[in-house]
Amino acid sequence: MRLRNENAGGQALDPAEFRRRVNHYLDDLGYRPLFHLSGWPTLGTARGRIVLVADFANDWGVIQWSSGSNAYFRTQDLWQTDQLFPLRVKGRAITQQFDTAAADPGSPQMYVNFLSYAGGYWPKSAEQTLMDQSVYPYLTAHAGRPARYGIVPMDFPDFHVNVLHLLIDQNFTS
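Presented here is an overview of the structure given in this document. It should be emphasised that the depicted structure is a prediction, and the values quoted were computed from it without experimental measurement.

Rules used throughout
- Residues numbered from 1 in each chain as written.
- Predicted model: local features only at pLDDT ≥ 70, side-chain atom pairs only at ≥ 80, totals over all residues.
- Heavy atoms only, no water.
- Helix = DSSP H or I, 4+ residues; strand = E, 2+ residues; numbered from the N terminus.
- Buried < 20%, exposed > 50% of the residue type's maximum accessible area, 1.4 Å probe, protein only.
- Contact = heavy atoms within 4.5 Å.
- Lys, Arg positive; Asp, Glu negative; His and termini not counted.
- Charge placed at Lys NZ, Arg CZ, Asp CG, Glu CD.
- Axes fitted to C-alpha atoms, helices over the stretch in contact; angles between N-to-C directions.
- Parallel < 35°, antiparallel > 145°, perpendicular 65-115°, else oblique.
- Left-handed = near helix turned anticlockwise from the far one by under 90°.
- Nonpolar A, V, L, I, M, F, W, Y, C, P; charged D, E, K, R; others polar.
- Expected span 1.5 Å × (residues − 1).
- Bend = angle between axes of the 7 residues up to and from the residue.
- Pairing = 2+ DSSP bridges.
- Right-handed = clockwise from strand over helix to strand, strands pointing away.
- 1 Å grid on protein atoms, 1.4 Å probe; cavity = no way out; pocket = protein on both sides within 12 Å on 5 of 7 lines; lining within 4 Å.
- Points joined across faces, edges and corners; volume = space filled by probe spheres on them.

1. Focus: the overall build of the chain
In terms of regular secondary structure, the chain is built from 5 helices and 7 strands. Listed N to C, the secondary structure of the chain is β-α-β-α-β-β-β-β-α-β-α-α in terms of helices and strands. Dimensions of the chain, computed from C-alpha atoms along their principal axes, come out at roughly 50 × 40 × 30 Å. Within the chain, the proportion of its 174 residues that are buried is 34%. Here the analysis covers contacts within the chain between residues at least 6 apart in sequence; of these, 56% occur between residues at least 24 apart. Across the chain, the mean location of the 15 positive side-chain charges is 3 Å away from that of the 16 negative side-chain charges.

In structure tokens:
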């Protein structure tokens, strides 16, 4: 679970108050045992618990989110650009992240490759264009080859079942 201080609207909290409130839920209300709060867990350690990923300044030793790259994550999240053909640029960012993740199977970093794009387009139309022009052709061309693509969040997955099947099938390629 990625947790961040949105700092939005009339409910903005300064960092110290945000951490105090999180600790209130964890300690005073007794939710701490439900969470894994210290680095990457094994599957057995994570089972039945929520793995907290912090997207806020802290000194707790939890997994720290990155919208770029850090010790835990290597993230592609280009959600808008002012370049001439933005969906081509986003498509290249997606396929480059797939290539980078596949070429680095032993990395301790978790690769995250967001497929969504919002910059001036209807999200559903943008995602369909990205699937048709970049994601599906890439995954089809690489089908049957062992690869590690990481976490691939997408909007409207029920409209892209063919892409879901290719990603899931990749987990069973040896």
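Now that the structure has been shown, the text picks up again.
2. Quick look at the packing of helix H4 (residues 123-141) against helix H5 (residues 161-170)
Two elements in contact, H4 and H5, have axes whose closest approach is 10 Å; the angle formed by their N-to-C orientations is 30°. The pairing of H4 with H5 is recorded here as roughly parallel in orientation. Here the hand of the crossing between H4 and H5 comes out left-handed. Every residue of H5 that contacts H4 at Met131, Val135, Tyr136, Leu139 and Thr140 is listed here: Asn162, Val163, Leu166 and Leu167. Grouping the amino acids of the contact of H4 with H5 by side-chain chemistry returns 7 nonpolar, 2 polar and no charged.

3. Section: H4
When the terminal C-alpha atoms of H4 are compared, their 25 Å separation across 19 residues agrees well with the 27 Å that a helix rising 1.5 Å per residue should span. Along its length, H4 reaches its greatest deviation from straightness, about 50°, at Met131. Within H4, burial applies to Ala126, Glu127, Leu130, Met131, Ser134, Val135, Tyr138 and Leu139. Considering only its buried residues, H4 is in contact with helix H3 (86-102) and H5.

4. Considering the sheet that holds strand E5 (residues 63-64)
Strands pair in a sheet through their backbones, by hydrogen bonds, and they do so in one of two ways: parallel or antiparallel. Taken in spatial order, the 3 strands line up as E1-E4-E5 in an open sheet, and their pairing is parallel. Strands at the two margins of the open sheet, each flanked by one partner only, are strand E1 (2-4) and E5. Note that strand E4 (residues 53-55) and E5 share 2 bridges and pair parallel. Of the residues in E5, the one forming a bridge with Val53 is Ile63.

5. Concerning the pairing of strand E6 (residues 73-76)
Alignment of E6 against strand E7 (residues 110-113), held across 4 bridges, turns out to be parallel. Within E7, the position partnered with Arg74 by the bridge is Tyr111. Handedness of the crossover is the feature at issue here: the chain leaves E6, passes through H3, returns alongside E7, and the resulting connection is right-handed.

6. Focus: the layout of surface pockets
For the largest pocket, the calculated volume is near 210 Å³. In terms of lining, the largest pocket is formed by 13 residues, of which the most central are Trp40, Val53, Phe73, Met110 and Ile151. Residue composition of the lining of the largest pocket, by class: 12 nonpolar, no polar and 1 charged. Taken as a whole, the second largest pocket encloses approximately 150 Å³ of empty space. Lining the second largest pocket we find 12 residues, and of these Arg4, Asn5, Leu13, Phe18 and Arg21 sit closest to its centre. Listed by contribution, the elements that provide at least two residues to the lining of the second largest pocket are E1 and helix H1 (15-28). At 4 residues, the largest contribution of residues to the lining of the second largest pocket is made by H1.

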